[in-house]
Amino acid sequence: REAARETLKMGDSDYFSQRGYALAQFGRGNREPVVVMRSQTEYGWSSHCYLVGAFYHLWGFRPISVKWMNALFGAGLVVLVFGLGQFLFRSPAIARWSATAVTLWPSLILWSASNLKESLVTLCSALLLLAGLNIFWGRDRRSRVRSALIFALLAGLHGTLRSGIYTGSLAASLFAGWLLFRPQRLRWRLAILLLLAGAAVWFFPKIQERFFQALYFHITNQAIPGVSYQFLPSEWYLPNAYQEMAPDPTPKPGFMLMAAGGGLWHYLVEPLPQRLDSLSTLAWYPVMLVWYLLLPFMAWGAWSALRENFRPAFCFLLFLCAWSVLGALSNGNVGTLIRMRDMLTPFFLILASAGAWKSLNPRPA
């Protein structure tokens, strides 16, 4: 049986394993109520469960062996991070530093030794990002066509691992950056800027609705057991407050900026020292001290990328900003936040590695 819930406090790892085994049994014709319930419940659905189920279908219930899939996904992520570092900075040294940082980051190691889907999510995200950048700025046509095929095939899988809004925002960030900086003439750039501004105004009511839904997820997340945090006005957390506000989900732009800023602050710095209320969170804090130390290097790496390779770097940073805002607005539980933030940790570590390398080597890479 699985024991990650007791030993590592990772209940979802056990859940995905149990659900995968239920899918394997369902595929073999077992219609026991617990098998049907585990196979068809809406909570926790993702294509990753079918991957675990396929493993158990082929080789039986082997809860240790199945984790080697995630270990391989984690190892593959390191290779892709090396490629992204090389693409963005044209520096083998920065690429090696980035790959090493991702290899040694504790939480990424932990996810790759579990049944959680984080390893597959980050692997697919890195491959989509590298393929997307190569579509627009690859060195030869054959490479671009190959990257387009990879992107088209992988986008469907990526959209079934988490919400499709993450896949859509990644693709939109790449396309918007390419469209904005592709034309050479100023008047075309101005026309595209006006077009994008008009589209933003047109879709603003839909953005407000999605924003309101994200805040609802934040409120529900901070209310679940565990260590939580808040960044909205106190009246939002009163009983039934969401239901009273729901008939008119139109937060004003000023409030949206305030909430996004507060959410991003917590997204980048949690867990704060005052939330260390157990041995497990205390053991995590040395990692956070390293994370705090790396934040200035991330900023320096982002600035360096924009200076040296502006157009791909702009798309890369636009993607980071979009996913950071999505994760920041919808989270309120520290444990969930760490897992969600780790969807971007490999990409932040590329920037941090670049900033650290350039601070020690001021000459061109």
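The preceding data block contains the structure.
First, a word on what this report is: a plain description of the structure on this page.

Definitions and cut-offs
- Residues numbered from 1 in each chain as written.
- Predicted model: local features only at pLDDT ≥ 70, side-chain atom pairs only at ≥ 80, totals over all residues.
- Heavy atoms only, no water.
- Helix = DSSP H or I, 4+ residues; strand = E, 2+ residues; numbered from the N terminus.
- Core = buried A, V, L, I, M, F, W, Y, C linked by side-chain atoms within 4.5 Å.
- Buried < 20%, exposed > 50% of the residue type's maximum accessible area, 1.4 Å probe, protein only.
- Contact = heavy atoms within 4.5 Å.
- Axes fitted to C-alpha atoms, helices over the stretch in contact; angles between N-to-C directions.
- Parallel < 35°, antiparallel > 145°, perpendicular 65-115°, else oblique.
- Left-handed = near helix turned anticlockwise from the far one by under 90°.
- Nonpolar A, V, L, I, M, F, W, Y, C, P; charged D, E, K, R; others polar.
- Lys, Arg positive; Asp, Glu negative; His and termini not counted.
- Salt bridge = Lys/Arg side-chain N within 4 Å of Asp/Glu carboxyl O.
- Expected span 1.5 Å × (residues − 1).
- Phe/Tyr/Trp six-rings, centres within 6.5 Å; stacked < 30°, edge-to-face > 60°.

The next thing to look at is the environment of Ser65. Position of Ser65 relative to the elements: it lies in the loop between α4 (47-59) and α5 (67-89). Placed 10 residues apart in sequence, Ser65 and Phe55 show a C-alpha to C-alpha distance of 9.2 Å.

In this section: the nonpolar core. Counting 93 residues, the largest nonpolar core has Leu133, Leu232, Leu320 and Phe347 as the members making the most contacts within it. When residues of this core are assigned to their parent elements, the largest contribution, 12 residues, is made by helix α8 (residues 118-137). When sequence neighbours within four positions are dropped, the list of residues in contact with Leu133 reads Leu84, Phe87, Leu88, Gly138, Leu174, Pro312 and Cys315.

On to unusual backbone geometry. With an omega of 0°, the peptide bond between Glu270 and Pro271 qualifies as cis. Phi at Arg90 is positive, roughly 50°, even though this residue is not glycine. Structurally, the position occupied by Arg90 is in the loop between α5 and α6 (92-104).

Here the focus is the packing of α5 against α8. Between two packed helices, what matters for the description is the angle formed by their axes and the separation of those axes. Running from amino to carboxyl end, α5 crosses α8 at an angle of 30°, the nearest separation of the two axes being 8 Å. Comparing their axes, α8 and α5 come out roughly parallel. Regarding α5 and α8, the two cross each other, and that crossing is left-handed. Residue-level inspection shows Asn70, Phe73, Gly74, Gly76, Leu77, Leu80, Gly83, Leu84, Phe87 and Leu88 of α5 in contact with α8, the latter providing Ser119, Leu120, Thr122, Leu123, Ala126, Leu127, Leu129, Leu130, Leu133, Asn134 and Trp137. Split into classes, the residues belonging to the contact of α5 with α8 amount to 14 nonpolar, seven polar and no charged.

Take the side chain of Lys117 next. Its location among the elements puts Lys117 in the loop between α7 (106-111) and α8. Buried charge without a salt bridge: Lys117, with Glu118 as the nearest opposite-charge side chain at an N-O distance of 6.5 Å. In contact with Lys117, not counting residues within four places along its chain, are Ser46, His48, Leu161 and Arg162.

Moving on, we come to helix α17 (residues 345-360). In this model, α17 (16 residues) spans 22 Å end to end at C-alpha, consistent with the 22 Å of a helix rising 1.5 Å per residue. Counting buried positions along α17 yields 14 of 16 residues, so the element is predominantly enclosed.

Another aspect to go through is the packing of aromatic side chains. Here the structure, examined in full by the defined rule, presents 22 aromatic pairs. The interplanar angle of 50° and the centroid separation of 6.4 Å between the aromatic rings of Phe316 and Phe319 together place this pair among those described as tilted. Separated by three residues within a single helix, Phe316 and Phe319 lie in helix α15 (residues 310-330), roughly one turn from each other. Like Phe319, Phe316 is buried. For the ring pair Phe316 and Phe347, a centre distance of 6.3 Å and an interplane angle of 80° mean the geometry is edge-to-face. In this pair, Phe316 sits in helix α15 while Phe347 sits in helix α17, placing the two residues 31 residues apart along the sequence. Residue Phe347 is classed as buried on the basis of its relative accessible area of 0%.

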